[in-house]
Amino acid sequence: MTSVERIVDVAIVGAGFAGLAMAGALRRAGRDDFVVLERAADVGGTWRDNTYPGVACDVPAHLYSLAAHPNPHWSRTFAPGGEIQTYLRDVAARERLGDRLRLRTPMLGAEWDAADAVWRIDTGIDAEPLIARSLVLACGRLTEPHVPPIDGLESFDGPLFHSARWDHDVDLTGKRVAVVGTGASAVQLVPELARRAAHVTLFQRTPAWIVPRGGGEIPRSDRERLAENPGDLARLRAELYAEGEERFASRSGDAAASAAARAMALSHLHAQVSDPALREALTPDYAFGCKRVLLSDAFYPAVASDAVTLEPTALLAVDGSTLTAASGERYEADILVLATGFASTRQPYADLVRADDTTLADHWSEGMTSFGSTVVAGFPNLFVLNGPNASLGHNSAVLMAEEQAVYVVRSLTERDRRPDRTLHVRPEAEAAYTDEIAAAAASTPWLTGGCRNWYVDERSGRLTLLWPGTVQAFHERLVGTDGSEFEPAAWAAVAAPSPVAEPAEATPTPAATTTPAAEPAEATPTHPRP
């Protein structure tokens, strides 16, 4: 590195909830030397990309918000996707990111330069790579649609698309629409399609546990009260958080809580589906909580109506407009929608990040690992938000990202104390944390419940997506770290990095008011799970 090369302190990749949470945490800590790289033309992540009919969050909106940016104006208990996208645009504007936010700027590759102790990031925009002391991956875990191997899929002779890449130019009116999958997106999508299409055929590989959704429109008077009384909004958020934390017991295998939740789900099914054969086809044969528990008051009535045919097996083959199920049944369709989830356990960005001739994908070849769900051995000054064991099945995942962002800021302070400004995660610390996760997860339904879920890496059988505890426990785990997860500074006693051009002093930004850390927040959104 020459003495005139410009270096940025922190490069954040992704401008969804996690990326914006990270940017806000840096600004409130007085760290203004950062950039946010976003491959798309707008912020929003999941909520920018998923625009299918009926898309919404399954976490109450007042909890599915950044603590520094509470929003009293949510129109519904469970916010529609477009409203969440508008909220994230507003957050970006209020954070006054300016030219720190670089839209249409993908990370095409990132390589650790050990000699200069920097990350060199290829964006394809400039001739020279972006250089950063630290790299934060806030790329999301549900970004790349999963398309299952279906024989003859390419032969389908009508519109074919994934629910996360909805084609709004396709007119559904009077058409026969087939939907593959009965996960979170399909449960929201199918009732909408049933209202518009001539008929819907739904291919179900595995039924889901579904509980009542409730909620509805928030009266204007309540919105005005929350806007005028921030204390009321804070109390509402705290109540919702506590309710979410209570759900951990039923999702993680507590016998009494699981039995009560299972009974609620079965009662919901029986109340909405009168046909015994259809009820049986919609009843899961695995433990409650093993797969993601869904919320809907509209899915069962739609499936029970004449507008929808449930095929209780997977789509096996496609031949033109003819769809053959694993049962041998055949159906005709004009439009085919894949609601088949995302590449969750094998994060696409992992192939792009390299240190010491090893990619992050290589390091994660048997499933994602980390310390604190945030830092990774062998990848200095790298932080991953929404990565290994940072998702939830019971509460709002936004607060998990916010807890991680606080940890990143504290780690950067530790980095700055070191002569080489480098943090190397001790491999033993990562191994111990991985064992800690495995021990906590061993008896949970996610591993023992008799289902196949997206929380578990199929290569190792380890729980790699979910944090097997409450949000409060995650908060305490990160707050309790003391820096011993990193090698002592003397371990990396390489030549000091070449001098670099320091940025001009940035105009300080007033710190945003935050809620107490103990009021964490986030479960997993209903549709594209975050």
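Details of the structure are given in the entry above.
Below is a summary of the structure that appears in this document. Computed from a predicted structure; not experimentally measured.

The helix and strand tally for the protein chain stands at 15 helices and 19 strands. Relative to the compact-globule value of 24 Å for 530 residues, the protein chain shows a C-alpha radius of gyration of 24 Å, a close match. Counting over 530 residues, the protein chain shows a buried share of 57%. The long-range share in the protein chain, meaning contacts at least 24 apart out of those at least 6 apart in sequence, stands at 75%. Of the roughly 21,100 Å² of accessible surface on the protein chain, 52% is carried by carbon and sulfur atoms.

Formally, a disulfide is one covalent bond, and it connects the sulfur atom of one cysteine to the sulfur atom of another. With the rule as written, the count across this model stands at 1 disulfide. One disulfide bridge connects Cys-290 with Cys-451, the sulfur atoms lying 2.0 Å from each other. Judged by the torsion about the S-S bond (-95°), the Cys-290/Cys-451 disulfide is left-handed. One end of the pair, Cys-290, is in the loop between α9 (276-281) and β11 (294-295); the other, Cys-451, is in the loop between α14 (445-448) and α15 (471-479), with 161 residues separating them in the sequence. Judged by its relative accessible area of 0%, Cys-290 falls in the buried class. Among the residues examined, Cys-451 registers a relative accessible area of 22% and is labelled partly exposed.

The next point concerns the nonpolar core. Counting residues in hydrophobic clusters, the biggest one holds 105 residues, and the most contacted among them are Ile-12, Phe-17, Met-22, Ile-84, Val-179, Leu-282 and Phe-299. When residues of this core are assigned to their parent elements, the largest contribution, 9 residues, is made by helix α12 (residues 398-416). Counting 35 residues, the second largest nonpolar core, distinct from the first, contains Leu-137, Tyr-349, Ala-350 and Leu-382.

Below, the discussion takes up the packing of aromatic side chains. Here the distance between the centres and the angle between the planes together describe a pair of aromatic rings. Here the structure, examined in full by the defined rule, presents 14 aromatic pairs. Between Trp-47 and Tyr-64, the ring centres sit 5.8 Å apart and the planes meet at 75°, which makes this aromatic pair edge-to-face. Taken together, the positions of Trp-47 in helix α2 (residues 46-49) and Tyr-64 in the loop between α2 and α3 (81-94) put the pair 17 residues apart, joining distant regions of the chain. In this structure Trp-47 comes out as buried when scored by relative accessible area, which is 3%. For Tyr-64, a relative accessible area of 2% puts it in the buried group. Ring-pair connections join several aromatic residues into one group, and the members of that group are Phe-17, Trp-47, Tyr-64, Trp-74 and Tyr-87.

Before going further, it helps to examine the pattern of salt bridges. For the coordinates displayed, the defined rule picks out 29 salt bridges. In this structure, Arg-31 engages Asp-9 in a salt bridge whose closest nitrogen and oxygen atoms are separated by 3.2 Å. Pair noted here: Arg-31 is in the loop between α1 (17-28) and β2 (34-37) and Asp-9 is in strand β1 (residues 8-13), with a separation of 22 residues, a long-range link. Exposure remark for Arg-31: the relative accessible area of 16% places this residue in the buried category. Across the salt bridge formed by Arg-418 and Glu-414, the nearest N and O atoms sit 3.1 Å from each other. One salt-bridge network, in which partners are shared between bridges, spans Asp-9, Arg-31, Arg-133, Arg-415, Asp-416 and Arg-421.

Attention shifts here to the sheet that holds strand β14 (residues 322-325). With antiparallel pairing, 3 strands are arranged side by side in an open sheet as β13-β14-β15. The open sheet terminates on both sides in strands that have one partner only, identified here as β13 (315-319) and β15 (330-332). Neighbour-to-neighbour, the strand axes of this sheet turn through a mean angle of 25°, independent of strand direction. Two strands pair when backbone bridges link them, and β13 and β14 are joined in this way by 4 bridges, in the antiparallel orientation. In the strand pairing of β14, Leu-315 is matched with Ala-325.

Turning our attention to helix α13 (residues 427-441). Here α13 contains 15 residues, and its C-alpha end-to-end distance of 21 Å stays within 8% of the 21 Å for a straight helix at 1.5 Å per residue. Where α13 is concerned, the buried positions are Ala-429, Glu-430, Tyr-433, Thr-434, Ile-437 and Ala-441. Buried residues along α13 cover an arc of 135° about the axis, so they all sit on one side. The exposed residues of α13 that point more than 90 degrees off its buried face are Asp-435 and Ala-439. Buried positions along α13 lie against α11 (360-363), α14 and α15.

Parameters and conventions
- Residues numbered from 1 in each chain as written.
- Predicted model: local features only at pLDDT ≥ 70, side-chain atom pairs only at ≥ 80, totals over all residues.
- Heavy atoms only, no water.
- Helix = DSSP H or I, 4+ residues; strand = E, 2+ residues; numbered from the N terminus.
- Rg over C-alpha atoms; globule rule 2.2 N^0.38 Å.
- Buried < 20%, exposed > 50% of the residue type's maximum accessible area, 1.4 Å probe, protein only.
- Contact = heavy atoms within 4.5 Å.
- Areas by Shrake-Rupley, 256 points an atom, 1.4 Å probe, with all protein chains shown as cover.
- Disulfide = S-S within 2.5 Å.
- Core = buried A, V, L, I, M, F, W, Y, C linked by side-chain atoms within 4.5 Å.
- Phe/Tyr/Trp six-rings, centres within 6.5 Å; stacked < 30°, edge-to-face > 60°.
- Salt bridge = Lys/Arg side-chain N within 4 Å of Asp/Glu carboxyl O.
- Pairing = 2+ DSSP bridges.
- Axes fitted to C-alpha atoms, helices over the stretch in contact; angles between N-to-C directions.
- Expected span 1.5 Å × (residues − 1).
- Arc of directions from axis to C-beta.

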